[in-house]
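Here are the chains, one letter per residue:
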Amino acid sequence: MTQRYTPYLRFVVPFVSGLAAGGWADQPVQYLGPVLVIGAVLAAWLAIQKIAYRYRWLFGAYIYLLLFFAGYFHCVAHNELRRSSHFAAHLSAHAPYFTGMVYQSPSRGAKLKVPIQVEGIGTAPDSLKRVSGNLLLFLNIDSLTEKIRYGDRIGAYAVVQPCEAPKNPDAFDYRRYLHFQNIHYQAFVKSDSVAVLSGGHGYRLWRMAYESRDRLLGLLRKYFPTDDEYAVASALLVGYTDDLSDELRAAYAQTGSMHALAVSGTHVGMLYVGLMFLLARFRFRGRWKLLETVLILLAIWAFTFLTGATASVLRASVMFSTYMLGKAFHRDAPAWNVLPASAFGLLLYNPYFLFDVGFQLSYAAVAGMVFFYARLYKLFPPMPRWADEGLKVLLVGMAAQLGTLPLTLFYFHQFPVYFWLSGWI
């Protein structure tokens, strides 16, 4: 692996460092935006100048510094509270009336959690001020509220409050989790204080994806009548985890197979292999080879939207897309370039992905497999094919666990010792 073939690996390190600093500090730096624009213009000018070789490191250091502060600015600016139109400036002690659109599929628990993009707020429906910002609604689950779907525009009366910090400093910080979902306010709404005003808003692609997922969940509920079987099947196939019990989550985590319940690279990889097996029967050649790539990419991204486009499945889909497009145009696609390239693209889209545990574990697992697998495999002598295939499965799981070990210990304070068995299964 040479620097020539891994440019994104060099770019992503200072950029991610800047994002991490921006997420930790979350303080805007005055005039940083204009300075970055001027700095980018200067960098473009310097790139076409003839600089003595012994001074090239100065240009590299300058680019690294520019990427670091670009990452810092990008992360801080992504915070919705920086917008002048945010509804927080219009809150008062009494319960306001607000309208907004459901921008994600509601999730179920003890309450129905409905994230909305607030569009108007006021003392009554006829006195609304146009605003923006995300708000998390907690609703009682009943025959009326459980019909709320993505794209519905709803109106409600409720007291809007900032998300609360945990009372126990060692407990899970749900407020920080919501912060990296760009949600900073919440409201507990009574069923008789909320109403669906209209439906069919939002992006048609997302509506179709959520409707398809609901139909699939209905089929799974029909053929898996017990709660635990349905919960595992829905998590394995479409990444729907709302119905998983705490006992099931703990069991999968302790055996090192929690990744099976979070749709990620394993699922996308199986889809890719299956599609390649089917399309191989058509024997695409020449210019028709590009059609094979298009069909596989369409299927992968349809599956991505069907599962809700979480950070882990986005990572896998972007990686496979980058790899396939590189191969389609007859270019090498080394793993140490594809991996950071996909991360760079996703973090440009949403810098808060960096603080998503699933995103971190996903990239750490793939990096572990790329780095450790070949080195571990060389330690073993040649074996019969049946034993060699079993060894490869074992070593892939071991490499992934080594890659995620620091994060596993930091977040979960445990190391699963049965991963070697769950990997074979």
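Scoring rules and cut-offs
Residues numbered from 1 in each chain as written. Predicted model: local features only at pLDDT ≥ 70, side-chain atom pairs only at ≥ 80, totals over all residues. Heavy atoms only, no water. Helix = DSSP H or I, 4+ residues; strand = E, 2+ residues; numbered from the N terminus. Rg over C-alpha atoms; globule rule 2.2 N^0.38 Å. Buried < 20%, exposed > 50% of the residue type's maximum accessible area, 1.4 Å probe, protein only. Contact = heavy atoms within 4.5 Å. Areas by Shrake-Rupley, 256 points an atom, 1.4 Å probe, with all protein chains shown as cover. Lys, Arg positive; Asp, Glu negative; His and termini not counted. Charge placed at Lys NZ, Arg CZ, Asp CG, Glu CD. 1 Å grid on protein atoms, 1.4 Å probe; cavity = no way out; pocket = protein on both sides within 12 Å on 5 of 7 lines; lining within 4 Å. Points joined across faces, edges and corners; volume = space filled by probe spheres on them. Nonpolar A, V, L, I, M, F, W, Y, C, P; charged D, E, K, R; others polar. Polar contact = N/O pair within 3.5 Å; in protein donor to acceptor, adjacent residues only side chain to side chain. Expected span 1.5 Å × (residues − 1). Phe/Tyr/Trp six-rings, centres within 6.5 Å; stacked < 30°, edge-to-face > 60°. Core = buried A, V, L, I, M, F, W, Y, C linked by side-chain atoms within 4.5 Å. Salt bridge = Lys/Arg side-chain N within 4 Å of Asp/Glu carboxyl O. Patch = residues over 30% accessible without salt bridge, like charges linked within 9 Å, V, L, I, M, F, W, Y side chains within 5 Å. Disulfide = S-S within 2.5 Å. Bend = angle between axes of the 7 residues up to and from the residue.

1. Structural notes on the overall build of the protein
Right, so step 1: A tally of helices and strands in the protein yields 14 helices and nine strands.
Right, so step 2: Relative to a compact globule of 425 residues, whose C-alpha radius of gyration would be 22 Å, the protein shows 24 Å and is just as compact.
Right, so step 3: The 425 residues of the protein split such that 40% are buried.
Right, so step 4: The contacts in the protein between residues at least 6 apart in sequence include a share of 69% that link residues at least 24 apart.
Right, so step 5: Roughly 24800 Å² of accessible area belongs to the protein as shown, and the carbon and sulfur atoms make up 64% of that amount.
Right, so step 6: For the protein, the distance from the average position of its 38 positive side-chain charges to the average position of its 25 negative side-chain charges is 14 Å.

2. Details of the layout of surface pockets
Right, so step 1: When its volume is computed, the second largest pocket comes out at roughly 480 Å³.
Right, so step 2: What lines the second largest pocket is a set of 19 residues, among which Val-16, Leu-354, Gln-360, Tyr-363 and Ala-364 lie closest to the centre.
Right, so step 3: Taken together, the elements giving at least two residues each to the lining of the second largest pocket come down to α1 (7-25), α11 (335-349), α12 (357-377) and α13 (385-412).
Right, so step 4: For the lining of the second largest pocket, the residue count by class is 16 nonpolar, three polar and no charged.

3. A short note on the environment of His-267
Right, so step 1: Turning to its location among the elements, His-267 is positioned in helix α8 (residues 265-279).
Right, so step 2: What makes His-267 buried here is its relative accessible area of 12%.
Right, so step 3: A sequence separation of 45 residues divides His-267 from Ser-312, and the C-alpha atoms of the two residues are 11 Å apart.
Right, so step 4: In terms of polar contacts, His-267 uses its side chain to reach the backbone carbonyl oxygen of Leu-236, at 3.0 Å.

4. Points about α11
Right, so step 1: Compared with an ideal rise of 1.5 Å per residue, which puts 15 residues at 21 Å, α11 spans 21 Å between its outermost C-alpha atoms and is within 8% of the ideal.
Right, so step 2: Along α11, the residues classified as buried are Asn-337, Val-338, Leu-339, Pro-340, Ala-341, Ser-342, Ala-343, Phe-344, Leu-346 and Leu-347.

5. Thoughts on the packing of aromatic side chains
Right, so step 1: By the definition in use, this model includes 24 aromatic pairs.
Right, so step 2: Plain terms: the ring middles of Tyr-174 and Tyr-177 are 5.7 Å apart, the flat faces sit at 20° to each other, and that makes the pair stacked. Here Tyr-174 pairs with Tyr-177, and both are found in helix α4 (residues 174-179), just three residues apart, close to one helical turn.
Right, so step 3: Members of the aromatic cluster, joined through ring pairs, are Tyr-150, Trp-206, Tyr-210, Trp-301 and Phe-305.

6. A few points about the environment of Arg-249
Right, so step 1: Position of Arg-249 relative to the elements: it lies in helix α7 (residues 246-254).
Right, so step 2: In this structure, the C-alpha to C-alpha distance between Arg-249 and Ala-235, residues 14 residues apart in sequence, is 11 Å.

7. Some points on the nonpolar core
Right, so step 1: With 25 residues, the main nonpolar core has Leu-19, Leu-346, Leu-347, Phe-353, Phe-355, Phe-359 and Tyr-363 as its most contacted residues.
Right, so step 2: Breaking this core down by element, the ones donating at least two residues are α1, α5 (204-223), α10 (311-328), α11 and α12.
Right, so step 3: Per-element accounting of this core gives the leading share, six residues, to α11.
Right, so step 4: Phe-87, Ile-148, Ala-156 and Val-160 belong to the second-largest nonpolar core, a separate cluster that totals 21 residues.

8. Comments concerning the pattern of salt bridges
Right, so step 1: Across all of its chains, the model carries eight salt bridges by this definition.
Right, so step 2: In this structure, Arg-82 engages Asp-26 in a salt bridge whose closest nitrogen and oxygen atoms are separated by 2.9 Å. One end of the pair, Arg-82, is in the loop between α3 (56-77) and β1 (97-102); the other, Asp-26, is in the loop between α1 and α2 (32-47), and 56 residues separate them in sequence.
Right, so step 3: The salt bridge partner of Glu-146 is Arg-108, with a shortest N-O separation of 3.9 Å. Residue Glu-146 is found in the loop between β5 (134-139) and β6 (153-157), and its partner Arg-108 is found in strand β2 (residues 107-108); the two are separated by 38 residues along the sequence.
Right, so step 4: Glu-146 gets classed as partly exposed once you look at its relative accessible area, which sits at 37%.
Right, so step 5: Using a relative accessible area of 35% as the deciding quantity, one classes Arg-108 as partly exposed.

9. Considerations on a negative patch on the surface
Right, so step 1: Where like charges cluster on the molecular surface, the negative patch consists of Asp-228, Glu-229, Asp-246 and Glu-247.
Right, so step 2: Elements that contribute at least two residues to the negative patch include exactly α6 (227-238) and α7.
Right, so step 3: Summarising the element assignment, Asp-246 is placed in helix α7.
Right, so step 4: Residue Asp-246 is classed as exposed on the basis of its relative accessible area, which comes to 60%.

10. Describing the state of the cysteines
Right, so step 1: Inspection of every chain in the model, using the stated rule, returns zero disulfides.
Right, so step 2: Of all cysteine sulfurs in the structure, the one in Cys-75 sits closest to Cys-163, which takes part in no disulfide; the separation is 17 Å.

11. Some thoughts on α12
Right, so step 1: The terminal C-alpha atoms of α12, which comprises 21 residues, lie 29 Å apart, in line with the 30 Å expected from a rise of 1.5 Å per residue.
Right, so step 2: At Phe-371, α12 shows its maximal kink, close to 30°.
Right, so step 3: Among the residues of α12, those classed as buried are Phe-359, Gln-360, Ser-362, Tyr-363, Ala-364, Ala-365, Val-366, Gly-368 and Leu-376.
Right, so step 4: For α12, the N-terminal cap is Asp-356; the gap from its side-chain oxygen to the backbone nitrogen of Gly-358 is 2.9 Å.

Any functional reading would require information that these geometric values do not contain.
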